[in-house]
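This is what each chain is made of:
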Amino acid sequence: MKLSRFITGHLEPILEEWELFARSLPIPGATISKAELRDHAKQMLETIVRDMDVIENAAQRKKKSTTGVSEIAGKETAAATHGSLRQQIGFTMPQLTAEFRAMRASVLRLWMAQVSVTTKTATQDILRFNEAIDQALQESAIRYSQQSDRTRNTFLAILSHDLRSPLSTMTMAGALLSRPSATSASTVQIGARVARSAATMTTMVNDLLEFARTQLGGRMPISPSLGDLGEICKTAVEDASAAHPQCKFELSTTGEMIGDFDAARLAQLFSNLLNNAAQYRTDDQPVSITACGDADTAVVQVKNFGRQIPEASLKSIFDPLVQLAISDDHKAPNATSIGLGLFIAREIASAHGGTIGAESSLECGTVFTVRLPRVWRSEGANGG
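- Looking up the chain in an unreviewed UniProt entry gives the name histidine kinase, with the organism given as Janthinobacterium svalbardensis.
- UniProt, in the comment section headed Catalytic activity (unreviewed entry), describes the chain in these words: "ATP + protein L-histidine = ADP + protein N-phospho-L-histidine."

Rendered as structure tokens:
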């Protein structure tokens, strides 16, 4: 059986092996659906089959073997789109290339099991298949690299923009304080502005450090000890109030608050949620944070009223370097957003063995829900 016909007739078994391999790749903090795991694999295989069935002469075969790496020409290919999407959901370049290696091995292994004799035609089929899959890999790698460059440049541009505002405030404050005419009243006002700018910059720097840590070392390290979740929430409210003095924050706690928590990490988690809620709230509504504990679990919810977050944004809201869209074509006017706050929140919740989710509607507002076990169980406990 020709290899191209075999691929067409055995797409599902090949796709199942692709999906199984993709699922085995560790993507920190990501829950990837079946559709995402199979992303464009079927279309790529169909493209490979079409390429293999094109009759080529000797000159065309030679050109293929001597043509260097080039940019993708013409319309967007399935392989190129796959490379872009893999970069966005957290695959590394080695993981991307490993997918194509696994696809090549799967197809040839399944096909060879049905080929009793290796003929010249079979050898040519293998050569054509390798050429086609290498072309797909090249297109995917090019688009992955382009997407990485775009993400990095966007990140640097946003970071520069977001740092400029608090730095300008602090520079201006220094100039005003150095004037002989500065009064005690003006000094107090200027000091408050400096404190707010410092709080904003501290949040950004902390998020950058944690992002770098997760990229270098995987799972975020935590040091749980017996603590009071209510006090942790109170600390987070104080931090958020310093950065958003015009916002009213309301805290309520019920049930059992004592548990095994990394207080500093959780304070950062809740501060990030509160800062996000303060940015997207309506002016006439407070931001609320409620904590409730039972025998096993503590649940903390941060809620604000404002524009509804679209469903598409909720799906990627915890991804790194994502700026939250508050409508289909708008972002918050004062968003800080290097887009790391919610990503860091997810990593801290996950490191505690907990979860974080988000819901949004016009009637009930936007609610972030954090569920944490009250008893810490380290990795490897109970023989695991």
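So, the overall build of the chain
- Within the chain, the secondary structure is distributed over 13 helices and 9 strands.
- Within the chain, the proportion of its 384 residues that are buried is 41%.
- Pairs at least 24 residues apart make up 75% of the contacts formed inside the chain by residues separated by at least 6 positions.

Quick look at the sheet that holds strand β8 (residues 355–361)
- Taking strand neighbours across the sheet as the criterion, the 5 strands line up as β2-β4-β5-β9-β8 in an open arrangement whose pairing is mixed. Of all strands in the sheet, those bounded by a partner on one side alone are β2 (249–255) and β8. Here the strands of the sheet are splayed against their neighbours by 15 degrees on average, with no regard to which way each runs.
- For β8 and strand β9 (residues 365–373), the ladder comprises 7 bridges, and the chain directions are antiparallel. Each residue of the ladder has a partner; that of A358, found in β9, is F368.
- Contacting β2, β4 (287–293) and β5 (297–304), helix α10 (residues 229–243) runs over the sheet at an angle of about 175 degrees to β2.
- Docked against the sheet, helix α13 (residues 341–351) engages β8 and β9, running at close to 135 degrees with respect to β8.

Let's talk about the environment of V367
- Locating V367 in the fold gives a position in strand β9.
- Here V367 falls in the buried class, since its relative accessible area comes to 14%.
- In contact with V367, other than residues within four places in its own chain, are Q301, V302, K303, G357, A358 and E359.

Side note on α10
- The terminal C-alpha atoms of α10 lie 22 Å apart, and with 15 residues this matches the ideal 21 Å at 1.5 Å per residue to within 8%.
- Turning to α10, its buried residues number three or more, namely L229, G230, I232, C233, A236, V237, A240 and A243. Angular distribution of buried residues about the axis of α10 spans 155 degrees; they occupy a single face of the element.

Remarks on helix α11 (residues 263–280)
- Given a rise of 1.5 Å per residue, 18 residues ought to cover 26 Å, and the 26 Å separating the end C-alpha atoms of α11 matches this to within 8%.
- Judged by how many residues are buried, α11 sits mostly within the fold: 16 of 18 residues are covered.

Thoughts on the environment of S241
- Inspection of the secondary structure puts S241 in helix α10.
- C-alpha of S241 to C-alpha of A199: the two residues are 42 residues apart in sequence and 9.7 Å apart in space.

Regarding the pairing of strand β3 (residues 258–261)
- Burial of β3 is one-sided: the residues G259 and F261 facing one way are buried, the residues I258 and D260 facing the other way are not.
- Here strand β1 (residues 225–228) pairs with β3 via 4 bridges, running antiparallel. Bridging across to β3, G227 finds its partner in G259.

Regarding the packing of α11 against α13
- Following both chains from N to C, one finds α11 and α13 inclined at 145 degrees, their axes separated by 9 Å at the closest point. Pair α11 / α13 crosses with left-handed handedness. Taken together, the residues of α13 that come into contact with α11 (itself represented by R265, L266, Q268, L269, N272, L273 and N276) are G341, L342, I344, A345, I348 and A349.
- By residue class, the composition of the contact of α11 with α13 is 8 nonpolar, 4 polar and 1 charged.

Parameters at a glance
- Residues numbered from 1 in each chain as written.
- Predicted model: local features only at pLDDT ≥ 70, side-chain atom pairs only at ≥ 80, totals over all residues.
- Heavy atoms only, no water.
- UniProt positions renumbered as here; feature names shortened; annotations may be inferred.
- Helix = DSSP H or I, 4+ residues; strand = E, 2+ residues; numbered from the N terminus.
- Buried < 20%, exposed > 50% of the residue type's maximum accessible area, 1.4 Å probe, protein only.
- Contact = heavy atoms within 4.5 Å.
- Pairing = 2+ DSSP bridges.
- Axes fitted to C-alpha atoms, helices over the stretch in contact; angles between N-to-C directions.
- Expected span 1.5 Å × (residues − 1).
- Arc of directions from axis to C-beta.
- Left-handed = near helix turned anticlockwise from the far one by under 90°.
- Nonpolar A, V, L, I, M, F, W, Y, C, P; charged D, E, K, R; others polar.

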